[in-house]
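In case you want the letters, here they are:
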Amino acid sequence: MRAWTWRPTSRPSPRSTRAPQQYLAVVRDAGGAAVGTLQLTFVPGLTRGGTLRMLVEGVRVGSAARGSGLGAALMEWAHEQARARGASLVQLTSDKRRPEAHRFYERLGYVASHEGFKLEL
């Protein structure tokens, strides 16, 4: 049985005054506690014919909600948001130390196609 309520919204993130292409989704349980989050950022690209792409970040599902289908529901909602805005590519990064997350994304059809790099500033 699900311990969370899914009422998807497409609300700009709190930083939307600076970046209106960013969205934050938060799923709360019946008591109001956050049990899942993700952040979406829409980026016009130079490659792939200038296609719009959506970046998915901050995907988190609380331990009590894992295995309930919440993560898949969050990601499907994200895909719907991408389609609705005309994005033709969804991309994300996942920490190399999270093999269970990698398996989750692969089950959803994601392919590990690039090696990522970061620079702390």
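For the structure itself, look to the data block above.
Below or above, wherever it landed, is the structure these notes cover.

Reading the values: rules and limits
- Residues numbered from 1 in each chain as written.
- Predicted model: local features only at pLDDT ≥ 70, side-chain atom pairs only at ≥ 80, totals over all residues.
- Heavy atoms only, no water.
- Pairing = 2+ DSSP bridges.
- Helix = DSSP H or I, 4+ residues; strand = E, 2+ residues; numbered from the N terminus.
- Right-handed = clockwise from strand over helix to strand, strands pointing away.
- Core = buried A, V, L, I, M, F, W, Y, C linked by side-chain atoms within 4.5 Å.
- Buried < 20%, exposed > 50% of the residue type's maximum accessible area, 1.4 Å probe, protein only.
- Contact = heavy atoms within 4.5 Å.
- Salt bridge = Lys/Arg side-chain N within 4 Å of Asp/Glu carboxyl O.
- Phe/Tyr/Trp six-rings, centres within 6.5 Å; stacked < 30°, edge-to-face > 60°.
- Lys NZ or Arg CZ within 6 Å of the ring centre and 35° of its normal.
- Arc of directions from axis to C-beta.

### Some words on the pairing of strand E4 (residues 52-61)
Item 1. Pairing analysis gives 8 bridges linking strand E3 (residues 34-44) to E4, with the strands arranged antiparallel. For Phe42, the partnering residue across the bridge sits in E4 and is Met54.
Item 2. Sheet topology note: the E4/strand E5 (residues 89-92) ladder contains 4 bridges and is parallel. Within E5, the residue paired with Arg53 across the bridge is Leu89.
Item 3. Taken together, E4, helix H1 (residues 70-84) and E5 constitute a β-α-β crossover, and its handedness is right-handed.

### Regarding the nonpolar core
Item 1. Leu38, Leu40, Met54, Leu70, Leu74, Met75 and Tyr105 are the most contacted members of the largest nonpolar core, which has 23 residues in total.
Item 2. Contributing elements (two or more residues each) for this core: strand E2 (22-29), E3, E4, H1 and helix H2 (99-107).
Item 3. By residue number, the principal contributor to this core is H1, which donates 6 residues.
Item 4. Beyond its immediate chain neighbours, meaning those up to four positions away, Met54 contacts Leu40, Thr41, Phe42, Ala78, His79, Ala82, Ala87, Leu89, Val90 and Gln91.

### Comments concerning the pattern of salt bridges
Pairs may arise between side chains of opposite charge once their charged atoms sit close together.
Item 1. Taken as a whole and judged by the stated rule, the model has 3 salt bridges.
Item 2. Between Glu76 and Arg83 there is a salt bridge, and its shortest N-O distance comes to 3.5 Å.
Item 3. For Asp95, the salt bridge identified is with Arg97, shortest N-O distance 2.7 Å.
Item 4. For Arg97, a relative accessible area of 69% gives the class exposed.

### Thoughts on the packing of aromatic side chains
Item 1. On inspection of all chains with the given rule, the structure shows 3 aromatic pairs.
Item 2. With centroids separated by 6.0 Å and ring planes inclined at 80°, the aromatic side chains of Tyr23 and Phe42 adopt a geometry described as edge-to-face. One end of the pair, Tyr23, is in strand E2; the other, Phe42, is in strand E3, with 19 residues separating them in the sequence.
Item 3. Owing to a relative accessible area of 15%, Tyr23 belongs among the buried residues under this scheme.
Item 4. A connected cluster of aromatic rings, assembled from ring pairs, spans Phe104, Tyr105 and Tyr110.
Item 5. The ring of Tyr23 has Arg85 lying over it, and the distance from NZ or CZ to the ring centre is 4.5 Å.

### With respect to H2
Item 1. Along H2, the positions that sit buried rather than exposed are Ala101, Phe104 and Tyr105. In an axial view of H2, the angular spread of the buried residues amounts to 95°, which keeps them on one side of the axis.
Item 2. Each element contacted by the buried residues of H2 is listed here: E4, H1 and E5.
Item 3. Looking one or two residues beyond H2, the residue adopting positive phi is Gly109, at roughly 105°.

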